[in-house]
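# Inside the fold
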Amino acid sequence: MLVDLFTQLLAQLGQDERAGSGHTHALVASPQRFQALFGHVTQMVWLKDPQGRYLACNPAFETFSGLPAAHLCGRTNADLLPPEDAQRYHQLDQTCLAATQPVVAECWASAAGGSRRALLEITKVVLRSADGRVDGILSMGRDITARWYQTQFEQLRSQILELLANGAELPHLLQALADGLRGLQPEQACLVALVTPGHGCGQTLKVVASAGVSAETLRLVDDQDVGPGQGACAAAAASGQRVVIPNLALHRTLIPQVGQRICQGACWAQPFLALSGQVLGVLSVMVAKPATPSAEDLDLLEQLARLAGLAVERHQVAQQLRTNEASFRALAEHTPEAVLVHRGGTILYVNPTAQRLFGAKSSADLLGTSTQKRIAPAFLAQQLARMQAIESAQPIEPMVESRFVRLDGSEFDVEVQGTAMVYGGAPAIHVSIRDISERKLAEAQLRVAASVFSHAIEGIMITAPDGRIIDVNAAFTRITGYSREEVRGQTPSMLNSGRNTPLFYQQLWQYLVQHGSWSGELWNRRKDGDVYAQMLHISAVHDQRGQVIQYVALFSDITERKAHERRLDQLAHFDALTGLPNRALHADRLQHAMAQAQRRQQKLGVAFIDLDGFKAVNDSYGHDAGDHLLITLARRMRLALREVDTLSRLGGDEFAAVIVDLAQESDCDPLLQRLLQAANQPVLYGTAVLQVSASVGVAFYPQAKEVSPEQLLRQADMAMYRAKQSGKNQFQTSGFVDSLF
């Protein structure tokens, strides 16, 4: 996998970089290092800076893009690609920059200047310098188009064969083939026409299925005589050979009755034949612009034509021999299930699916061998008993799960059904085999998921699309107090604590519907009424059509963590002794108050308060008395101020007050007097009476010159020292009164 290759190369690169001393990532700093690592890598590798500009690429990327590295370097996708493609690749880069692990994505891209579409598997990883700075994005791409087409074709082939095995009507079956081709190649329109008897001894074409073809084109081809000079479909049906017309406009003279609008683009037609060589019909592809089909296009057309021929012929055989045992081989050859016929344990027939299932190169590897070699030892007794029962016409369970053995010795899980039949004029056993390894693996994964659901420490809740609760796990009951029976059929609103607003839930659901998931914190209520905080993640589960079929919510109780965070916040911003804001919170509130004063064109005052005689109290009565005095005076001084003002303890016997909403400096005087009075009142400590006074310095804001919060506090501090020098128990202003307002 590309991620594994990335890991190996980047690990080596990490060792090289640690050996160096530069601050820039080695790949970004040295194009030579990039080429040394990736110049001979067969996958495409390219490097961008954080702004999306190409820095380097290897030869494989140059070949794919059709552009040399010199032309790419320094440019962004916006310089090179259509806006939609550039935006899509930019978003992928942004996703990579936000991720902590390599990002893997699949996307369609235009190769060699738009000559063909290619599906790329792209792995991206952020490159960081030694100090953690993002230096670039390294990307590696692999062309998986062929694999994708092969997978899609195999699915289409299985669908057609299954329709055939189930006796689907021929028009329905061929329409599925046309729709499948259109799905594989959206830019191509296609039609299927059968060769039917015409007037006299001639033949005509009958369109039975189409996808993306205009009504005018369908009218032209339908009932068209088979023969040269009648267009691609008629010519292919007449010759039994593929016909390619790269530019219809150049062939308009061949079909004079065709309108100019139809004679545009290109067309190629592939006849499909019966085993006898008889032409059964034509599969034709049309594109809007002149073009020459690629080898891949022609190969796909040929394979689908063979499939169409197979469908038509097998359909005819099924119609003729539906009640005849001779139809068995014709159907078994192309059924999606593995079919095996044996007599007395000796294999007489296997279809191609059975050959692949058992890992045989040809039917000769299996024919004439014993069925016992293909049964896992643990299930041999089961299968021998079923063989004996079928041979003796005893009733058995129609289908059972078992385990078979491939030619290489590996075992695999199967679903097997055996019935009696006549083969080659003698009794035999027909065995249908279906590989259920993937299903068994999925069942095992479901058991693991069920175990996780039952034993997870996080609460899990599953709801229907309308919000009704379908199931909950044991952790949900432990956290909320509600049992599964109490909540099933209810909605999560039964847990609502009332702390989150209706707007919060409205925005939550809008985000969930738009993005498919939501994560965050909210408050819910337990069954006993306790309100608790939870970390919640909700994900939507979609079906194959993209419709939401369920919502899965995982949550954990974070009440203790939230309480711990509050305690940490209290310790970080409040004085442990008095409960007043500390120096850090004082600075923050002063900053906000200064900004507010500017907006409102008002004044504020900063008072620096120092207690007079506090040291003597500490020395005479001890620190407990001093703490009692500080607590009492802090409470009194806080009450002396207004609710909008802030009183903080800076440390020791020093306090600071932020006094806001002042029309003029003198409005602060009554509050300062109340602070002095509060500090001057005696405090009882046991039988002792403790009494101090306060010296207060005040500075005002705004001032004629710009001043910072720290400068404002220092001005107040200097004014406080003047108050002490002037006899204490008084306040002094800083003298910086040339205010703006």
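Given the structure is predicted, the values throughout are model-derived calculations rather than measurements. (Residues numbered from 1 in each chain as written. Predicted model: local features only at pLDDT ≥ 70, side-chain atom pairs only at ≥ 80, totals over all residues. Heavy atoms only, no water.)

This part covers the overall build of the protein. Helix and strand counts for the protein come out as 25 helices and 27 strands. Among the 741 residues that make up the protein, the fraction classed as buried is 44%. Counting only contacts in the protein whose residues sit at least 6 apart along the sequence, the fraction spanning at least 24 positions is 52%. Roughly 38,300 Å² of accessible area belongs to the protein as shown, and the carbon and sulfur atoms make up 52% of that amount. (Helix = DSSP H or I, 4+ residues; strand = E, 2+ residues; numbered from the N terminus. Buried < 20%, exposed > 50% of the residue type's maximum accessible area, 1.4 Å probe, protein only. Contact = heavy atoms within 4.5 Å. Areas by Shrake-Rupley, 256 points an atom, 1.4 Å probe, with all protein chains shown as cover.)

Attention shifts here to the pattern of salt bridges. The tally for this structure, following the rule as stated, stands at 29 salt bridges. Note that D131 and R133 form a salt bridge whose closest N and O atoms lie 3.4 Å from each other. Looking at D131, the relative accessible area reads 51%, which means it is exposed. Accessibility expressed as a relative area gives 38% for R133, which makes it partly exposed. Here D135 and R133 are joined by a salt bridge, their closest N and O atoms 3.2 Å apart. Of the residues examined, D135 reaches a relative accessible area of 7% and is grouped as buried. (Salt bridge = Lys/Arg side-chain N within 4 Å of Asp/Glu carboxyl O.)

A few words now on the side chain of D575. Locating D575 in the fold gives a position in the loop between helix 20 (559–573) and helix 21 (583–600). On the basis of relative accessible area, D575 is assigned to the buried category, the value being 15%. Setting aside residues up to four positions removed in sequence, D575 forms contacts with L580, P581, N582 and R649.

This part takes up the confidence of the model for the protein. Averaged over the protein, the pLDDT score is 85; the fraction of residues at 70 or greater is 90%. A low-confidence stretch, residues 17–22 (pLDDT under 50), is modelled with seven contacts involving residues beyond four sequence positions or located in other chains. (pLDDT = per-residue confidence, 0-100.)

We now examine the nonpolar core. With 39 residues, the main nonpolar core has I160, L174, L177, F272, L283 and L304 as its most contacted residues. Considering each element in turn, this core owes the most residues, 10 residues, to helix 12 (residues 295–320). If you look at the next biggest cluster of nonpolar residues, it comprises 35 residues, including L580, L633, L662 and A679. (Core = buried A, V, L, I, M, F, W, Y, C linked by side-chain atoms within 4.5 Å.)

For the rest of this paragraph, the subject is the sheet that holds strand 7 (residues 203–211). Pairing is antiparallel in the open sheet, where five strands are placed in the order 7-6-10-9-8. A strand with exactly one partner marks an edge of an open sheet, and here the two such strands are strand 7 and strand 8 (243–245). Each neighbouring strand pair of the sheet contributes to a mean axis angle of 20 degrees, computed without reference to strand direction. The pairing of strand 9 (residues 266–273) with strand 10 (residues 279–287) spans eight bridges and is classified as antiparallel. In the strand pairing of strand 10, P271 is matched with V282. Against the sheet, helix 9 (residues 170–184) contacts strand 6 (189–197), strand 7 and strand 10, and its axis sits at roughly 60 degrees relative to strand 7. (Pairing = 2+ DSSP bridges. Axes fitted to C-alpha atoms, helices over the stretch in contact; angles between N-to-C directions.)

A word on helix 22 (residues 614–621). All of the buried residues along helix 22 are F614, V617 and N618. Buried residues of helix 22, seen end-on, are gathered within an arc of 100 degrees and therefore sit on one face of the element. Opposite the packed face of helix 22, turned more than 90 degrees from it, sit the exposed residues K615, D619 and S620. On its buried face, helix 22 is in contact with strand 21 (603–612), helix 23 (623–640) and strand 25 (688–690). (Arc of directions from axis to C-beta.)

Moving on, we come to the sheet that holds strand 19 (residues 531–542). The sheet built from five strands is open, its strands ordered 17-16-20-19-18 with antiparallel pairing. The open sheet is flanked by strand 17 (469–472) and strand 18 (517–525), the only strands paired with a single partner. The sheet shows a mean angle of 25 degrees between the axes of neighbouring strands, direction not considered. Where strand 19 and strand 20 (residues 548–557) come together, nine bridges link them in antiparallel fashion. Note that in strand 20 the partner of A540 across the bridge is Y551.

Take the packing of aromatic side chains next. Per the stated rule, a full pass over the model turns up 12 aromatic pairs. Taking the centre distance of 4.7 Å and the plane angle of 35 degrees together, the rings of W46 and F61 count as tilted. Of this pair, W46 sits in strand 1 (residues 44–48) while F61 sits in helix 4 (residues 59–65), and the two are 15 residues apart along the sequence. Neither residue differs from the other here; W46 and F61 are each classed as buried. Grouping aromatic residues by their ring pairs yields a cluster made of W46, Y54 and F61. (Phe/Tyr/Trp six-rings, centres within 6.5 Å; stacked < 30°, edge-to-face > 60°.)

With that out of the way, let us pick up the packing of helix 21 against helix 25 (residues 709–725). Taken N-terminus to C-terminus, the directions of helix 21 and helix 25 make an angle of 105 degrees; their axes are 10 Å apart at the nearest point. It follows that helix 21 is roughly perpendicular to helix 25 by the angle criterion. Contact with helix 21, carried on its side by R583, H586, L590, Q591 and M594, involves P709, L712 and L713 of helix 25 and no other residues of that element. Its residues assigned to classes, the contact of helix 21 with helix 25 comprises five nonpolar, two polar and one charged. (Parallel < 35°, antiparallel > 145°, perpendicular 65-115°, else oblique. Nonpolar A, V, L, I, M, F, W, Y, C, P; charged D, E, K, R; others polar.)

All right, on to the side chain of T646 then. Along the chain, the position of T646 falls in strand 22 (residues 646–651). If sequence neighbours within four positions are ignored, T646 has contacts with P581, R589, L641, A656, A657 and V658.

Take A56: it is sitting in strand 2 (residues 54–57). For A56, a relative accessible area of 7% gives the class buried. Once the C-alpha coordinates of A56 and S30 are considered, the two residues, 26 residues apart in sequence, prove to be 9.8 Å apart.

Taken together, the buried positions of helix 3 (residues 31–38) are F34, L37 and F38. Considered in projection along helix 3, the buried side chains sweep an arc of 75 degrees and stay on one side of the axis. Across helix 3 from its buried face, at more than 90 degrees, point the exposed residues Q32 and A36.

So, about unusual backbone geometry. The omega angle of the peptide bond from Y701 to P702 is 5 degrees, so this bond is cis rather than trans. A positive phi is found at A393, a non-glycine position, where the angle reads about 60 degrees. Mapped onto the elements, A393 comes out in the loop between helix 15 (380–391) and strand 13 (399–405).

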